[in-house]
Amino acid sequence: MSYEDIVKQKQLKENPIIMGIETSCDETAVAITRNGSEILSECIISSATEHAKFGGVVPEIASRNHTVAISLATEKALKDANLTLNDIDAFAVTYGAGLLGALLVGVSYAKALAFATKKPLIPVSHVRGHVSASYLTKPDLKPPFVTLLASGGHTAVIAVEDYYKFNVLGSTIDDAIGEAFDKVARVLNLSYPGGPNVENLAKQGSNNVALPKMLKNYKGSEFDFSYSGLKTAVINYVHNQQAKGKEVVYADVAHSFQKNAVDAVIERINKAVKKTGYKTVCVSGGVGANGYLRNALLENFKDTNVTLVLPEKKYCTDNGAMIAMEGFLQYKRYNFAPLTLNASAVVSLK
Ligand code: KG4
Ligand code: ZN
């Protein structure tokens, strides 16, 4: 019997143990969860320091590091959970979106594990994985809810109508918010990854650099974002001041940029809550780890009847547990992949 035929005959387990494998960017992450949100173990090996000297992720270096780290992370996750490979009921892996060469390492590795153990292989969208991080934080969370997706590759406000049905209310028409943080970091001479460094510098500054309001007079969706204009305004401000020989207070630039970037998010989330009538708002993606954004959201929803779900910072940035969690949702609806599963640089937000 072929692998696919064996998997087809499998009965779903009541409380499945799922391994989540994530290699879409510079983190090699493996986690094991039971029944979705119960985390048995997790291991993240990052190659961020290797990319720092180049000012951003170098895809080739990321792929090579995944190749070295993937079996180390898997062994560690199994050991910490006190399990063997045969105890795993299914292998969930990020197949996209992300860097192709990096994704292929995780996809190929997960295929080999699934094939060897004759267990299901579950294809997971990285974006859906980010959204599922909220279920880790609040296991009794149930759709519908509004989620902000704010990462290095995506920015969107999504109405999660049920576990599987996403209504993307708006998204960025150019750069993602994390990408803007990283690019602004560069012009402020801060190292990669830029987001946390901009956040830290901004603490010493104040909001006294005038920046344009996002998408003024825009005819598209009121939920759309544009971070390219904001980023360019910051870069132009710094260069113009320097050309005039004027002092540029980098901390003020960082603060003003961050405030502008976050104001746009809050405005759209409030509109989304109004439009949907949903009473829960979640945050997902690496920029969700930003303390200024988290505080602004807490303040915004203080004294309202909206429940705010802020995943722990380590579950906002890339991790294996969110992939295992989303894998669990896909497991429940038999979304198993054949061994011909391929990686995909882009996946639909829907
Ligand atoms: O979700 P993520 O780990 O990977 C992607 O799927 O892209 O997000 C990475 C992005 C990077 O742009 C990084 O600079 C940003 O999230 N980020 C932050 C913070 N931590 C990570 N941005 C602002 N403030 C932070 N504390
Ligand atoms: Zn991510």
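The structure we're discussing is the one just above.
Note that the structure is a prediction, hence the values are computed from the model and not measured.

S.K.: Sorry, what's going on with unusual backbone geometry here?
M.R.: When glycine is set aside, most residues are seen to have a negative phi, and most peptide bonds are trans. A97 follows G96 through a cis peptide bond whose omega is -5°. Its place among the elements puts A97 in the loop between β4 (90-96) and α4 (100-117). With an omega dihedral of -5°, the bond running from Y192 to P193 counts as a cis peptide bond. On the secondary structure map, P193 appears in the loop between α6 (177-187) and α7 (194-202). The phi dihedral of N35 falls on the positive side, at around 50°, and the residue is not glycine. Relative to the helices and strands, N35 resides in the loop between β2 (27-34) and β3 (38-46).

S.K.: Where do I start with the pattern of salt bridges in this structure?
M.R.: A side chain of one charge can pair with a side chain of the opposite charge when the charged atoms of the two come close. Counting across every chain of the model gives 16 salt bridges. Ionic pairing is found between D175 and K231, a salt bridge with its closest N-O pair at 3.0 Å. Here D175 is found in the loop between β8 (166-171) and α6, whereas its partner K231 is found in helix α8 (residues 227-243), with 56 residues between them in sequence. In this structure, D175 and K231 share a single accessibility class: buried. E299 is paired through a salt bridge with K302; the nearest N and O atoms lie 3.3 Å apart.

Here is what the cut-offs are and how they apply
- Residues numbered from 1 in each chain as written.
- Chains lettered and ligands numbered in written order.
- Predicted model: local features only at pLDDT ≥ 70, side-chain atom pairs only at ≥ 80, totals over all residues.
- Heavy atoms only, no water.
- Helix = DSSP H or I, 4+ residues; strand = E, 2+ residues; numbered from the N terminus.
- Salt bridge = Lys/Arg side-chain N within 4 Å of Asp/Glu carboxyl O.
- Buried < 20%, exposed > 50% of the residue type's maximum accessible area, 1.4 Å probe, protein only.

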